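Read off the chains here:
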Amino acid sequence: MSAGEPIRVLVVEDDPVAADAHVLYVGRVPGFVAVGRAGTGAAARRALERTPVDLLLLDLHLPDVHGLQLARSLRAAGHQADVIAVTSARDLAVVREGVSLGVVQYVLKPFTFATLRDRLLRYAEYHAAAGEASGQDEVDRALAALRAPAPAALPKGLSAPTLERVTGVLRETPDGRTAAEVAEEVGISRITARRYLEYLVDAARAARRPQYGQVGRPELRYHWLRER
């Protein structure tokens, strides 16, 4: 890839809603372009044979192969694309294994556009480093570009422990919950519950649908979008 060309990203994600969000997110970051999407490991291999790719935005839990197994097979086949792993898994053994397979960043679900944008911009800085380093300091700077800062802060007024509880309520209810139901179960106000639920919708981890059949305006019902 010559200087000035965008970094070409293949989104590998089997959840259509999440895949759409990731493609949209990539397209909003200057210097990046989503050149395709694949819902399985097999589809990702076919896409890489057809299209030059610099970076995989790779979900680790694909229907036909674990993401790290896919990364390993791609390395064996000579593909040199770097990998940003997207997952809800928090197993540090998986993180360590990924380092040797070209995984340069991990993004934990659910995440916002701001979180992914930060990771992509840091990758771009790392990717731009070329030529021979003048010394240890330059090597350190190139590697430091990949180090993420502290996790992106939640919007003002939201807390990680409450988000975890709201997320747990949705995960355990296949039929979904209204903001009022979540509020009662978690012990927060309906307005606060809705803020957390809308955050999960924005992060492409939940969906909202109107619930009809009651007097007055239909109430929104929130559904978890499949555990990754």
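Throughout what follows, the structure given in this document is the object of discussion. Note that the structure is a prediction, hence the values are computed from the model and not measured.

A few words on helix α8 (residues 179-186). Residues of α8 that are buried: Ala179, Val182, Ala183 and Val186. For α8, the angular spread of the buried residues around the axis is 100°, confining them to a single face. Count one or two residues on from α8 and you reach Gly187, which has phi positive near 90°.

Below, the discussion takes up the sheet that holds strand β1 (residues 7-12). Working definition: the strands of a sheet are paired by backbone hydrogen bonds and lie parallel or antiparallel to each other. Reading across the sheet, the five strands line up as β2-β1-β3-β4-β5 and stay open at both edges, with parallel pairing between neighbours. On the outer flanks of this sheet lie β2 (32-38) and β5 (103-108), each paired with one strand and no other. Averaged over all neighbouring strand pairs, the angle between strand axes comes to 20°, with direction disregarded. Relative to β2, β1 runs parallel, the two sharing six bridges. Looking at the pairing, Val11 lines up with Arg37 of β2. On top of the sheet, helix α3 (residues 67-76) reaches β3 (55-59), β4 (82-87) and β5; it is set at about 150° to β3, its chief contact.

Conventions we followed
- Residues numbered from 1 in each chain as written.
- Predicted model: local features only at pLDDT ≥ 70, side-chain atom pairs only at ≥ 80, totals over all residues.
- Heavy atoms only, no water.
- Buried < 20%, exposed > 50% of the residue type's maximum accessible area, 1.4 Å probe, protein only.
- Helix = DSSP H or I, 4+ residues; strand = E, 2+ residues; numbered from the N terminus.
- Arc of directions from axis to C-beta.
- Pairing = 2+ DSSP bridges.
- Axes fitted to C-alpha atoms, helices over the stretch in contact; angles between N-to-C directions.
- Contact = heavy atoms within 4.5 Å.

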